[in-house]
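Residue-level structure breakdown
Each chain, written out:
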Amino acid sequence: MNLSKKSLVELSLFLVAVIWALNFSVVKYSLAEIDPLSFNGLRFLFAAAIVWIVLFYRNQLFTIPKRDWLPLLGMGLLGNLIYQGLFIIGIDYTYAANAAVMLGTIPIWVAIISHFFNLERMNIFKTLGVIAAFSGIIFIVSGGKNPFSFGSDTFLGDLIIIAAAVVWGGYTILSKSFLSRYTPIQFSAIMATIGAIVLFLIGLPNIIQLEWTQISAAAYGGVVYSGLLSIGVAYLIWNYGLQTVGAVHTATYQNLVPVLGLVFGVALLNEQLTLLQYGGSALVIVGIVLARWKRKKEPNITTAGVKDE
């Protein structure tokens, strides 16, 4: 991979972190007016639409071999029905900031699963990077005015979000083998389509009962933002990152989400950070740098024919 292409991938993954950092607050705001099942069903229609538009634009129409039907259906249910269900229910029961922090553990689960199944070995730099980034998240949470507590009313929601992080970690690893046979756009189209069909049908009874005129423009905007950007565009970039720079490297960018959430709070809401939170933010950045560091002559690890470059 040449330097300019790799830089573009890095910049794109950073953009995903920005989109997801804003998405927690956007979703939390919209759920005050739209129930979780309706919200999920509606936003996935937008997600599937944008992915298919990109697919047609890039002229990447394809066919699915029969041997892939069931595995892809399983992936779609794992990444959409199970993960998205846990995410949307979890965030409804906890604070947006807590959800961002809990999902920051995704690189930990990706690294553990990858290493345990010998799919993508952890070198010393990646190990230290993941530890540093996760430690930074802990500092960010514990250093705030209202630190996370397992005895809080949001405990159930936090547990559900952690479960979502584990599921997404497994989904990230399993996705890489499919990306040796499908392009990121094709794979995203399959996943988004399965998600749109399943989640819309599940949410349909609630959607029918929605009082559309009572929902604010901002809440509708949350559906569009979360569907088009947080799922559609972000998933395209995420899958491309998996294919080009590897699962652990890609997932490590998730650690930026709580940091960016704090930055948005300072810039937009005039919130004040403590010294410990600034230190935690710095640790996360250091963790990402370490996680992408490679020794000279370090062999590339392949998973189902996909190089981790």
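Small disclaimer: the values here were computed from a predicted structure and weren't measured.

Considering the overall build of the chain
A count of helices and strands for the chain gives twelve helices and two strands. Pairs at least 24 residues apart make up 89% of the contacts formed inside the chain by residues separated by at least 6 positions.

Details of the confidence of the model for the chain
Taken residue by residue, the chain gives an average pLDDT of 81. The fraction at 70 or more is 84%. Ignoring residues within four places in sequence, the model shows residues 297–309, a span with pLDDT below 50, making 33 contacts including any to other chains.

Brief notes about the layout of surface pockets
Counted as a void, the second largest pocket has a volume near 330 Å³. Every residue lining the second largest pocket is listed: Leu 8, Val 9, Ser 12, Val 54, Arg 58, Gln 60, Thr 183, Pro 184, Ile 185, Leu 236, Ile 237 and Tyr 240. When contributions to the lining of the second largest pocket are tallied by element, the ones reaching two or more residues are helix 1 (3–30), helix 8 (184–208) and helix 9 (217–245). When the residues that make up the lining of the second largest pocket are grouped by side-chain class, the tally is eight nonpolar, three polar and one charged.

What to know about helix 4 (residues 96–103)
Within helix 4, seven of the eight residues are buried, which leaves it mostly tucked inside the rest of the structure. All of the buried residues in helix 4 are Ala 96, Asn 98, Ala 99, Ala 100, Val 101, Met 102 and Leu 103.

Comments concerning empty space enclosed by the protein
It is a probe the size of a water molecule, rolled over the atoms, that shows where empty space is left. Counted by the stated rule, this structure contains four cavities of 30 Å³ or more. Taken as a whole, the largest cavity holds about 170 Å³ of empty space. Forming the walls of the largest cavity are 14 residues, and the residues nearest its centre are Trp 20, Asn 23, Tyr 83, Phe 87 and Ser 230. Within the residue set of the lining of the largest cavity, elements represented by two or more residues are helix 1, helix 3 (66–93) and helix 9. Within the lining of the largest cavity, the residues separate by chemical class into nine nonpolar, four polar and one charged.

Looking at helix 9
At Ala 234, helix 9 shows its largest kink, close to 35°. Of the residues flanking the end of helix 9, it is Gly 246, one or two places downstream, whose phi is positive at about 100°.

Section: the side chain of Ser 38
In this structure, Ser 38 sits in helix 2 (residues 36–57). Its relative accessible area of 0% is what places Ser 38 among the buried residues. A polar atom in the side chain of Ser 38 sits 2.6 Å from the side chain of Asp 35. Each residue touching Ser 38, except ones within four places of it in the same chain, is listed here: Gly 203, Asn 206, Ile 207 and Leu 210.

A look at the environment of Leu 283
Mapped onto the elements, Leu 283 comes out in helix 12 (residues 275–291). The exposure class assigned to Leu 283 is partly exposed, which follows from its relative accessible area of 25%. When the C-alpha atoms of Leu 283 and Ala 133 are compared, they prove to be 5.7 Å apart, with 150 residues separating the residues in sequence. In this structure Leu 283 touches Ala 132, Ala 133, Ser 135, Gly 136 and Phe 139, once residues within four positions along its chain are discounted.

As for a nonpolar patch on the surface
Residues Leu 37, Leu 81, Ile 82 and Ile 202 make up a contiguous nonpolar surface patch of about 290 Å² in total accessible area. One can find Leu 81 in helix 3.

Topic: the nonpolar core
One finds Trp 20, Phe 24, Tyr 83, Phe 87, Leu 103, Phe 187 and Met 191 to be the most contacted residues of the largest nonpolar core, which totals 74 residues. Per element, the largest residue contribution to this core is eleven residues, and it comes from helix 9. Dropping the residues within four chain positions of it, Phe 24 is found in contact with Phe 87, Ile 91, Ala 96, Ala 99, Ala 100, Leu 103 and Val 257.

A short note on unusual backbone geometry
In this structure, Asn 59 takes a positive phi of about 55° despite not being glycine. Tracing the backbone shows Asn 59 in the loop between helix 2 and helix 3. The exposed category is assigned to Asn 59, whose relative accessible area is 65%.

Basis of the calculations
Residues numbered from 1 in each chain as written. Predicted model: local features only at pLDDT ≥ 70, side-chain atom pairs only at ≥ 80, totals over all residues. Heavy atoms only, no water. Helix = DSSP H or I, 4+ residues; strand = E, 2+ residues; numbered from the N terminus. Contact = heavy atoms within 4.5 Å. pLDDT = per-residue confidence, 0-100. 1 Å grid on protein atoms, 1.4 Å probe; cavity = no way out; pocket = protein on both sides within 12 Å on 5 of 7 lines; lining within 4 Å. Points joined across faces, edges and corners; volume = space filled by probe spheres on them. Nonpolar A, V, L, I, M, F, W, Y, C, P; charged D, E, K, R; others polar. Buried < 20%, exposed > 50% of the residue type's maximum accessible area, 1.4 Å probe, protein only. Bend = angle between axes of the 7 residues up to and from the residue. Polar contact = N/O pair within 3.5 Å; in protein donor to acceptor, adjacent residues only side chain to side chain. Patch = residues over 30% accessible without salt bridge, like charges linked within 9 Å, V, L, I, M, F, W, Y side chains within 5 Å. Areas by Shrake-Rupley, 256 points an atom, 1.4 Å probe, with all protein chains shown as cover. Salt bridge = Lys/Arg side-chain N within 4 Å of Asp/Glu carboxyl O. Core = buried A, V, L, I, M, F, W, Y, C linked by side-chain atoms within 4.5 Å.

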